[in-house]
Amino acid sequence: MITPYDDNYFMKKALQEAEAAFDKGEIPVGAIIVVENRIIARSHNLTELLNDVTAHAEMQAITAASNFLGGKYLHNCILYVTLEPCQMCAGALYWSQISKIVYGASDETRGFKSMGTQLHPKTKVIEGVMANEASDLLKRFFIQKRNLN
């Protein structure tokens, strides 16, 4: 029998990915995708390393999960991401038909909600899970970035 984990457990895993991004000088956003209590994809921002504006954590996770599942739809999957997805990522999540999105910190200026971007009608959203930890990591990153310049 599979023991169910809670949202905090999986968000901690996403935060570990965000820390990996931080260590690489990337904006610290991490994501994991879970199906039936099993992590099938993990990723973090790679925009600087890959010199690719689309290499957001969510985009990398969608690709990895699709490859793992052998199909383009992420039915019965849950995305845990440390920052509210932007409109680009929300669009990709719409097309993937992911079942649920759980995110930590809100992005008041670039998040999908503030931009009016729609998710798939069947996608459930939970916001604010470990938001303080995710927000603190982002703040630390940008303070460090400003101090280096």
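Residues numbered from 1 in each chain as written. Predicted model: local features only at pLDDT ≥ 70, side-chain atom pairs only at ≥ 80, totals over all residues. Heavy atoms only, no water.

Side note on the side chain of Ser 43
Next, step 1: Along the chain, the position of Ser 43 falls in strand β2 (residues 38–44).
Next, step 2: Of note is the side chain of Ser 43, whose polar atom sits 2.6 Å from the backbone oxygen of Ala 57.
Next, step 3: With residues near it in sequence (within four places) discarded, Ser 43 still touches Glu 17, Gly 30, Ala 31, Ala 57, Gln 60 and Ala 61. (Helix = DSSP H or I, 4+ residues; strand = E, 2+ residues; numbered from the N terminus. Polar contact = N/O pair within 3.5 Å; in protein donor to acceptor, adjacent residues only side chain to side chain. Contact = heavy atoms within 4.5 Å.)

Here's the deal with the state of the cysteines
Next, step 1: All told, the structure shown has zero disulfides when counted by the stated rule.
Next, step 2: No disulfide involves Cys 77; its sulfur sits 16 Å from that of Cys 89, the nearest cysteine.
Next, step 3: Given the relative accessible area of 0%, Cys 77 is considered buried.
Next, step 4: In this structure Cys 89 is not part of a disulfide, and its nearest cysteine sulfur, from Cys 86, lies 3.8 Å away. (Disulfide = S-S within 2.5 Å. Buried < 20%, exposed > 50% of the residue type's maximum accessible area, 1.4 Å probe, protein only.)

A short note on the UniProt feature "domain: CMP/dCMP-type deaminase" (unreviewed entry) in the protein
Next, step 1: As annotated in UniProt, the feature "domain: CMP/dCMP-type deaminase" (unreviewed entry) corresponds to residues 5–115 in the numbering used here.
Next, step 2: In residues 5–115, the share of helix is 43% and the share of strand is 23%. The end C-alpha atoms are 32 Å apart. (UniProt positions renumbered as here; feature names shortened; annotations may be inferred.)

What about the packing of aromatic side chains?
Next, step 1: One pass over the full model with this rule turns up eight aromatic pairs.
Next, step 2: For the ring pair Tyr 5 and Tyr 9, a centre distance of 4.1 Å and an interplane angle of 15° mean the geometry is stacked.
Next, step 3: Summarising the aromatic geometry, the rings of Tyr 94 and Trp 95 are spaced 5.1 Å apart at their centres and angled 75° between planes, so their arrangement reads as edge-to-face.
Next, step 4: The partly exposed category is assigned to Tyr 94, whose relative accessible area is 28%.
Next, step 5: Judged by its relative accessible area of 64%, Trp 95 is exposed.
Next, step 6: Put simply, the rings of Tyr 5, Tyr 9, Phe 10 and Tyr 80 touch in pairs and so form one group of aromatic residues.
Next, step 7: One cation-aromatic arrangement involves Arg 140 over Phe 22; the distance from NZ or CZ to the ring centre is 4.9 Å. (Phe/Tyr/Trp six-rings, centres within 6.5 Å; stacked < 30°, edge-to-face > 60°. Lys NZ or Arg CZ within 6 Å of the ring centre and 35° of its normal.)

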